[in-house]
Amino acid sequence: MKVGRHASRADVAELADALDSGSSGGNPVEVQVLSSAPSGDSLRCAALGRRTFLLLCAALSAGCRPAPKHSRVDAAIAPLLPGSSAALAGLRIDRLKNKAWFRPFLQGRKPAALRRFEQCTGMDLARDVWEVVWSLSAGGSVAFLRGKFGGSFGQEPRFDAPGISRRNYKTYYVLEKDGLTVLFLGAGVAMMGRAADLERIVDNRDREAEQPPLALIRAVEELTACELWLVARGGAGLRAAAGETLPLKAGPVFDALEELRLTATAAEMLDVQINGVFRSEQDALAVRDGLEALRQMASVQTVPATALRVASAATVEASNRTVTVRASLTFEDWLSLPG
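Residues numbered from 1 in each chain as written. Predicted model: local features only at pLDDT ≥ 70, side-chain atom pairs only at ≥ 80, totals over all residues. Heavy atoms only, no water.

Colleague: Could you give an account of the overall build of the protein, naming the residues involved and the relevant values?
Modeller: Of regular secondary structure, the protein possesses 13 helices and 14 strands. Relative to its full complement of 339 residues, the protein shows a buried share of 43%. Pairs at least 24 apart in sequence give 62% of the contacts found in the protein among residues at least 6 apart. (Helix = DSSP H or I, 4+ residues; strand = E, 2+ residues; numbered from the N terminus. Buried < 20%, exposed > 50% of the residue type's maximum accessible area, 1.4 Å probe, protein only. Contact = heavy atoms within 4.5 Å.)

Structure representation (structure tokens):
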């Protein structure tokens with residue numbers, strides 16, 4: 001971009017876009033503004049003044065941009081998601097870094113799933129990872145990580161955690177430790193899970209018949225902006241999202257589920273809202289009554305477990321075919337939940 005004597009709005013917009021580091025935490029972009037004016041001390045000073053003015057305009061423009069209103073799956077991750085995904089979940093570490101609720105994480109207290117990644121790679125999640133997206137299915141889960149894993153983008157990541165074995169799969173860098181595999185698709189995207197699952201995703205990338213779960217991705221885009229989200233389709237999606245925490249007796253009831261959406265925003269607490277859409281109003285009322293009964297039972301437990309304590313303080317409502325559950329979790333509650 002060349003800037004002459006008069007900077008157009010397009011020039012300023014272009015520079016602002018170049019300076020924008022993106023919603024995922026960003027990789028800084030070096031920007032040079034060139035002047036077409038002749039050389040000379042006075043003209044160089046004028047060029048410097050224009051350069052400073054443009055940088056200031058760009059900074060102000062970026063600072064005035066409205067905060068995002070909706071969630072999204074990172075554009076580098078979305079095409080990789082398996083079409084067999086029954087549910088998707090996302091954690092925005094970049095958004096959480098400034099939240100009081102998240103301070104224990106920054107001090108080293110981390111959920112098991114994220115701690116395993118650090119042990120396998122020797123990385124610092126709070127520093128190196130911006131976003132995690134989980135693909136959940138009946139066969140298991142794969143975590144997709146967006147961040148900066150190498151010394152600079154395009155360079156092979158190098159980690160020195162003890163006990164790691166290293167290999168390549170179709171030119172991609174692979175780390176393995178204790179049955180967990182991390183495959184790096186360049187220095188900005190990684191996948192974590194079982195080796196066979198990760199290799200299958202790589203193999204399917206260029207197959208026309210393999211399509212990402214577009215309905216789930218669009219469902220994410222309809223959610224409000226938040227730090228933690230989940231979307232699921234049908235009872236299979238719920239089972240994939242819940243894993244072993246879904247009671248067997250609840251299976252037939254939740255087969256009536258058509259769609260599940262969860263959003264969670266953090267401040268001092270993590271405030272969670274779950275909306276489940278069922279096949280009929282009668283199904284929704286039956287689920288509402290069952291959840292309310294469980295909530296009341298949890299409230300009378302003498303020494304409730306974490307899940308019971310959270311459930312006892314939750315609220316459950318039904319409207320038409322939708323059941324809404326609201327709950328709040330401390331960071332300790334989050335650490336204690338199965339995962």
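Colleague: How would you explain the side chain of Thr 324 if you had to name every residue and give the values?
Modeller: Looking at where Thr 324 falls in the secondary structure, it is placed in strand 14 (residues 322-329). Look at Thr 324 and you get buried, because its relative accessible area is 12%. Here Asn 275 takes part through its side chain, which lies 2.8 Å from a polar atom of the side chain of Thr 324. (Polar contact = N/O pair within 3.5 Å; in protein donor to acceptor, adjacent residues only side chain to side chain.)

Colleague: Would you mind going over the sheet that holds strand 11 (residues 257-266) in detail, with residue names and values included?
Modeller: Taken together, the twelve strands give an open sheet; going across it, the order is 6-7-8-9-5-4-3-10-11-12-14-13, and neighbouring strands pair in antiparallel fashion. Across the chains shown, the open sheet's two edge strands, defined by having one partner strand only, are strand 6 (165-169) and strand 13 (315-319). The sheet shows a mean angle of 15 degrees between the axes of neighbouring strands, direction not considered. As paired elements, strand 6 and strand 7 (residues 172-177) share five bridges and run antiparallel to each other. Counted as the bridge partner of Arg 167 is Val 174 from strand 7. Here helix 7 (residues 195-204) sits on the sheet and contacts strand 5 (140-147), strand 6, strand 7, strand 8 (180-184) and strand 9 (189-193); the angle it forms with strand 9, its principal contact strand, is near 140 degrees. With respect to the sheet, helix 11 (residues 281-299) is in contact with strand 12 (270-278), strand 13 and strand 14, its orientation differing from that of strand 13 by roughly 170 degrees. (Pairing = 2+ DSSP bridges. Axes fitted to C-alpha atoms, helices over the stretch in contact; angles between N-to-C directions.)

Colleague: Which residues make up the environment of Glu 221, and what values do they have?
Modeller: You can see Glu 221 is positioned in helix 8 (residues 214-221). Looking at Glu 221, the relative accessible area reads 42%, which means it is partly exposed. Counting along the chain gives 151 residues from Glu 221 to His 70, while the straight-line C-alpha distance between them is 5.9 Å. When neighbours within four sequence positions are excluded, Glu 221 is seen to be in contact with His 70 and Ser 71.

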